[in-house]
Amino acid sequence: MGEIEGTYRVLQTPGSRLGVQKAAGVSTLEPGQNLSTAMASSPAKMHERDLPIKIKMLDNTVEVLDIESKYYGQTLLTEVYKHLNLIESDYFGIEFQNIQSYWIWLEPMKPVIKQVRRPKTTMLRLAVKFFPPDPGQLQEEYTRYLFALQIKRDLAEERLTCSDNTAALLVSHLLQSEIGDFDESEDREHLKTNKYLPNQERIEGKILEFHRKHVGQTPAESDFQVLEIARKLEMYGIRFHLASDREGTKINLAVSHMGVLVFQGNTKINTFNWSKVRKLSFKRKRFLIKLHPEVCGPYQDTLEFLLGSRDECKNFWKICVEYHTFFRLFDQPKPKAKAVFFTRGSSFRYSGRTQKQLVDYIKDSGMKKTPYERRHSKARASTRASNTDVPKQSIPFTESLRTPGSPALAAAPFHPVHSSATPTPVLPIFAETSPSSLDPRAPFTRIPEKNTAAPAEEVGRKLMQQPGSPVLQGLPVDHPQLSSLVLKSPLGLNPAFQVNLNVAGQGSSPLLSPVLSDVGGARTEEDDETKRKRYPTDKAYFIAKEILATERTYLKDLEVITVWFRSAVIKENAMPEGLMTLLFSNIDPIYEFHRGFLKEIEQRLSLWEGKTNAHMKGDYQRIGDVMLRNMRTLKEFTSYLQKHDEVLTELEKATKRLKKLEMVYKEFELQKVCYLPLNTFLLKPIQRLMHYKLILGRLCKHYTAEHRDFADCRNALKEVTEMTSQLQHSLIRLENFQKLTELQHDLIGVDSLTAPGREFIREGCLYKLTKKGLQQRMFFLFSDMLLYTSKGVTGTNQFKIHGHLPLHGMLVEESENEWAVPHCFTIYSAQKTIVVAASTRLEMGKWMEDLNMAIEMAKKSTEKSDMLLENSVCNRSNRSSDEVSLEQESEDDIHSSRSSLDRQSHHRANTTMHVCWYRNTSVSMTDHSVAVENQLSGYLLRKFKNSNGWQKLWVVFTNFCLFFYKTHQDDYPLASLPLLGYAVSSPVEADGIQKDYVFKLQFKSHVYFFRAESIYTFERWMEVIKRATSSPARSSLLLAKDEKESHTD
């Protein structure tokens, strides 16, 4: 009783989506057997009575297939895919409703009659099983067409919930694909007979308004736009499974390419990424997720959810197994040997191709062109070919030449049956090229193949002149019954594959691991040329795209607080109710506003990138109106932003007062999703206003005063300037407070750095002259004191204070000649005198300048620094650093009250303090303020010095560091690259880089190349990295001084 019935174990192997490293898996096949031979060797039981199986296709036509009663599911799947000429078949499956009326997937390794209770009367249907995060991963135009039909079905069944605007936009693209260019009377007639949405009459005006904008757009382009819009929706590909948590709260479980998702209503409240999960299992009705200890801490590593029945629970578990295998693994697993006596638990495993294998198969096989028919479009016939130059994210699709024609498909005994109440004629599939079968808007008029370009274009032009082409009219579509689809799981034609979940690599640097591009291959020259031709080239477009990219990152940053941190404190019940209310009632409204704002920007950019006629350009090729409208709305949130001071202060007080909250806070900062110090995220809303101001300033500078977008941009700039002027002083104070509290957490031997009036000035690495010679120390300069510390040899990332010097009465002077040490200067204080050396003359100049400035500030201050020091610095730190060995320091660290963080954490090693330590450099508060203004996000192609391929990554630059993600939808970075000490430049001839828009990052022998999409984005990346990682004014001043001295010598 109570034993685990099904288990799916996660091996601790490095990996990422589509895999980075191969992992062994388990199959239910015999050794040496593949799926095809398994089907062939199964007991045939020949000459048994055939069963007529009815299957509803994605275009709502019904086909009847006669199969033998003992047919396995895989045989039925193969026949359907063969009938459709479907190449990328592993994205699809066949589903049916069981007795309880919920949808389940047909399993390939079981006989059909053992799965479908009444096969003669049950209606099966073809459906998309796996929804990739980017439609650019779909290689075939035909596959994208079928995916668009699935989106259409989901809209009709109210599974893909979205705003009225988004729904209208999706339907308008479906109309363009099915009936062609806008014609009001034809559109209205079509919408009367075809229901795309349950209440589409209410938004019919919006649908027509959007459809008017799509003139000239081909069916293939419309399909791609449908997928581009749909994939950005939270409910894209989501199939709910009703469940409840341990407290009995009703929730919905779902699975996606990222992992297992938890919803309350239609709102996602948690995501368990595959990299966080060790094992998935079920016991009767209980679904169990076992997490890695670093994710959940030592207290609770298993999450439990209760589903409606054992069958439902097992069904959801199977879907999770299949979804993980398809998206996360790449290789065919070794077969699992059958148990001799008995087995425990379910042996179910995924038995198809993984996404990576499917993509490689399409690329390597060089598939011949095969035709397909758009049943609900005026353009019925189109030849598809395997096309590896698939569109990437946000890149409009450009098609190759499609030649009509379709060979007869007699392999499967199908009988078409139409389920629509309206009589629907069977459309002919043309075997020869015929003008009447060609779509006048077909993609071949864009980028023709060399061998058939001329005649195809000629025919296309003739058809353009004949608007009433007689054949192939749009057909009415009946929408399927409402249902609750069970989630994903691929059904492929190949042997079974791995089943072990990939886990984030431990100990190895992800920077050195390859990250695959969206389709697992390198970009080509043709991709770039196509992209440049199809993209808008106006600088304003790229500025608007920067707004979109940085807004996506900003929303993810807000989720660290609103979703992830909230979940952590609620789970441990660690935060007082009053503080919970103060924190989340302050930031939740801001988060909700920016969610809507982001959707508006995404929609505008989608329309901006779309194909329009010359007279229609400009309608959506602007961003000022969107910015003005939202900046005015954002002004209403100023009162929330003004409370951030109180929120930060109260959170810090509670963390000191409540040990449980302190523990949760520290543990949360060690999670990958918290890639910056936690309280940094609380400053993001005010900092984001500064970004809006800078971006709108660039737009106003770019536009002429006569431009139609100039007035809106200028007014939006006025609105945001008014807000920033009110909050500027508050931001400076908050940034200082945030930095002091961050140091408070990372320093051992200080009770309270956040004393009234204290300001942070500079942190960095210097070498202190001791009896043992020069020893590396980390120095922290404040407005009233100078601290110096060392890093212990334990696993902790904290620094221990060795000494503190009050600035009152301090004197600093250069002493290179006296001590014969380069870049050396002496610090005289009332307490003691120390000699330190910087790594470069530039570093020495920065320290001396800031020290002298701080000393002058201390002279003017009426408060005594010594009093602050007595209150803030622990007595044990008063020992001279010369008297403390590293071993003694480590022992102190172990027994300190803050030893809960002593376990190794690679994640926290990215703070500026640690980077300064390892790079022998320093950072001032001024540098931090400049870095805040110079943040950027976007897709870049990355190349290592000795590698050949370019890898597409989502890159975020913030806090002097590049963070790398697979896509902008990921919750945490795969890797990071701190840039302090790096030089940014353009490649030289010796680098052998022949591409445009490439910049080079170099630190000693470490070299990276990054490739941008346009001259604007290239210049922006160069600009922000240079500004954030250097102090130009001071650098030029000191360099000039050096040059002067060298000339004098």
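Residues numbered from 1 in each chain as written. Predicted model: local features only at pLDDT ≥ 70, side-chain atom pairs only at ≥ 80, totals over all residues. Heavy atoms only, no water.

A few points about the overall build of the protein chain
Filter applied, for reference: Helix numbering and strand numbering both begin at the N terminus, where a helix is a DSSP run of H or I of at least 4 residues and a strand a DSSP run of E of at least 2. When a residue's accessible area, from a 1.4 Å probe over protein chains only, is under 20% of the maximum for its type it is buried; when over 50% it is exposed; and in between it is partly exposed. A contact between two residues is defined here by any heavy atoms of the two lying within 4.5 Å.
Helix and strand content of the protein chain: 28 helices and 34 strands. Residues counted as buried form 59% of the 1049 residues belonging to the protein chain. Taking contacts inside the protein chain between residues at least 6 apart in sequence as the whole, the part at least 24 apart equals 72%.

Observations concerning the packing of helix H5 (residues 184-193) against helix H6 (residues 204-211)
Note the threshold: A fitted line through C-alpha atoms represents every axis, and for helices the fit uses only the stretch in contact; the resulting angles, taken between N-to-C directions, go from 0 to 180 degrees. In this scheme, roughly parallel covers angles under 35 degrees and roughly antiparallel covers those over 145, while 65 to 115 is roughly perpendicular and the rest are oblique. Put simply, a crossing is left-handed when the front helix is turned counterclockwise from the back one by less than a right angle, and right-handed when it is turned clockwise.
Between H5 and H6, the shortest axis-to-axis distance is 11 Å and the interhelical angle comes to 135°. On the basis of the axis angle, H5 is oblique to H6. Relative to H6, the crossing made by H5 is right-handed. Here H5 contributes Glu184, Asp187, Arg188 and Leu191 to the contact with H6, which in turn contributes Glu204, Ile207, Leu208 and His211.

Description of the pattern of salt bridges
Selection criterion: The salt bridge definition used is simple: a Lys or Arg side-chain nitrogen within 4 Å of an Asp or Glu carboxyl oxygen.
Under the counting rule described, the total for this entry stands at 50 salt bridges. The residue Asp90 makes a salt bridge to Arg353 at a minimum N-O spacing of 2.6 Å. Highlighted residues: Asp90 in the loop between helix H2 (73-84) and strand S5 (92-97) and Arg353 in the loop between strand S15 (334-335) and helix H10 (355-365), separated in sequence by 263 residues. With respect to burial, Asp90 and Arg353 carry one shared label: buried. When salt bridges with common partners are traced through the structure, they connect Glu546, Arg698, Arg1020, Glu1023 and Arg1027 into a single cluster.

Section: helix H17 (residues 644-657)
Quick note on the threshold: Helix span, expected: 1.5 Å multiplied by one less than the number of residues in the helix. Each direction from the helix axis to a C-beta atom contributes to the arc, which is the arc of those directions.
The terminal C-alpha atoms of H17, which comprises 14 residues, lie 20 Å apart, in line with the 20 Å expected from a rise of 1.5 Å per residue. Inspection of H17 places His644, Val647, Leu648, Leu651, Glu652, Ala654 and Thr655 among the buried residues, and these make up the whole buried set. Relative to the axis of H17, the buried residues are bounded by an arc of 165° and lie together on one face. Buried residues belonging to H17 abut helix H14 (577-609), helix H16 (638-642), helix H18 (659-669), helix H19 (678-702) and helix H20 (710-746).

A short note on the sheet that holds strand S30 (residues 961-965)
Convention followed: Here, strands pair whenever DSSP counts at least two bridges between them.
Reading across the sheet, the seven strands line up as S31-S30-S29-S28-S34-S33-S32 and stay open at both edges, with antiparallel pairing between neighbours. Each edge of the open sheet carries a strand with a single partner, namely strand S31 (975-978) and strand S32 (983-985). Going across the sheet, the axis of each strand differs from the next one's by a mean of 35°, ignoring polarity. Where strand S29 (residues 951-958) meets S30, five bridges bridge the pair, whose relative direction is antiparallel. Counted as the bridge partner of Val955 is Phe964 from S30.

Focus on the packing of aromatic side chains
Aromatic ring pairs are described here by two measures, namely the spacing of the ring centres and the angle between the planes. Worth spelling out the cut-off: Only rings of Phe, Tyr and Trp enter the pairing, Trp through its six-membered ring, and a pair is recorded when the two centres are within 6.5 Å. The plane angle decides the type: under 30 degrees is stacked, over 60 is edge-to-face, the rest tilted. Charge over a ring is defined by NZ of Lys or CZ of Arg lying within 6 Å of the ring centre and within 35 degrees of the ring normal.
By the definition in use, this model includes 34 aromatic pairs. Each ring, one from Tyr675 and one from Phe681, has its centre 5.6 Å from the other, and the planes form 70°; the classification is edge-to-face. Exposure class is identical for Tyr675 and Phe681. Each is buried. Grouping aromatic residues by their ring pairs yields a cluster made of Tyr91, Phe92, Phe130, Phe131, Phe147, Tyr236, Tyr323, Phe326 and Phe327. Positioned above the aromatic ring of Phe1003 is the side chain of Arg919, whose terminal nitrogen or guanidinium carbon lies 4.8 Å from the ring centre. Just above the ring of Tyr939 sits the side chain of Lys952; from NZ or CZ to the centre is 4.8 Å.

Topic: the nonpolar core
For clarity, the cut-off: Here, nonpolar core refers to any group of buried Ala, Val, Leu, Ile, Met, Phe, Trp, Tyr and Cys residues whose side-chain atoms link them within 4.5 Å.
Counting residues in each nonpolar core, the largest one holds 100 residues, and the members touching the most others are Leu76, Phe92, Phe287 and Ile289. In terms of residues, this core owes the most to one element, helix H9 (residues 310-328), which gives nine residues. Core analysis: the next-biggest nonpolar cluster, separate from the first, contains 81 residues, Met575, Leu678, Met690 and Met723 among them.

A short note on helix H7 (residues 219-231)
Taking 1.5 Å of rise per residue, the 13 residues of H7 would be expected to cover 18 Å, and the 18 Å separating its terminal C-alpha atoms lies within 8% of that figure. Across the 13 residues of H7, 13 count as buried, placing the element largely inside the fold.

Concerning the environment of Tyr361
Relative to the helices and strands, Tyr361 is located in helix H10. Taking the C-alpha atoms as reference points, Tyr361 and Glu88, 273 residues apart in sequence, are found 9.3 Å from one another.

Some points on the pairing of strand S12 (residues 277-283)
Burial runs high along S12: five of the seven residues are buried. As paired elements, S12 and strand S13 (residues 286-291) share six bridges and run antiparallel to each other. What sits directly across from Val277, in S13, is Leu291. The antiparallel pairing of S12 with S13 creates a hairpin that spans two residues between the two strands, and Arg284 there sits at a positive phi of about 55°.

Overview of the confidence of the model for the protein chain
To be explicit about the condition: Values of pLDDT, ranging from 0 to 100, describe the predictor's confidence in every residue of the model.
Confidence along the protein chain averages 74 in pLDDT terms, with 69% of residues attaining 70 or more. Here residues 43-47 is modelled with pLDDT under 50, and outside its nearest four sequence neighbours on either side it reaches three contacts, counting other chains as well. Ignoring residues within four places in sequence, the model shows residues 339-343, a span with pLDDT below 50, making zero contacts including any to other chains.

A closer look at the packing of helix H13 (residues 539-572) against H18
Our working rule: Under this grouping Gly is polar, as are all residues other than the nonpolar Ala, Val, Leu, Ile, Met, Phe, Trp, Tyr, Cys and Pro and the charged Asp, Glu, Lys and Arg.
Running from amino to carboxyl end, H13 crosses H18 at an angle of 135°, the nearest separation of the two axes being 10 Å. Regarding the angle of H13 to H18, the classification is oblique. Remark: the crossing between H13 and H18 carries right-handed chirality. Residues Val560, Trp564, Phe565, Ala568, Val569 and Glu572 of H13 lie in contact with H18, whose contacting residues are Lys660, Leu661, Val664, Tyr665 and Phe668. Here the contact of H13 with H18 is composed, by residue class, of nine nonpolar, no polar and two charged.

Digging into the side chain of Glu843
Position of Glu843 among the secondary structure elements: in helix H22 (residues 841-860). Looking at Glu843, the relative accessible area reads 6%, which means it is buried. If near-sequence neighbours (up to four positions away) are discounted, Glu843 is found in contact with Ala838, Thr921 and Ser922.

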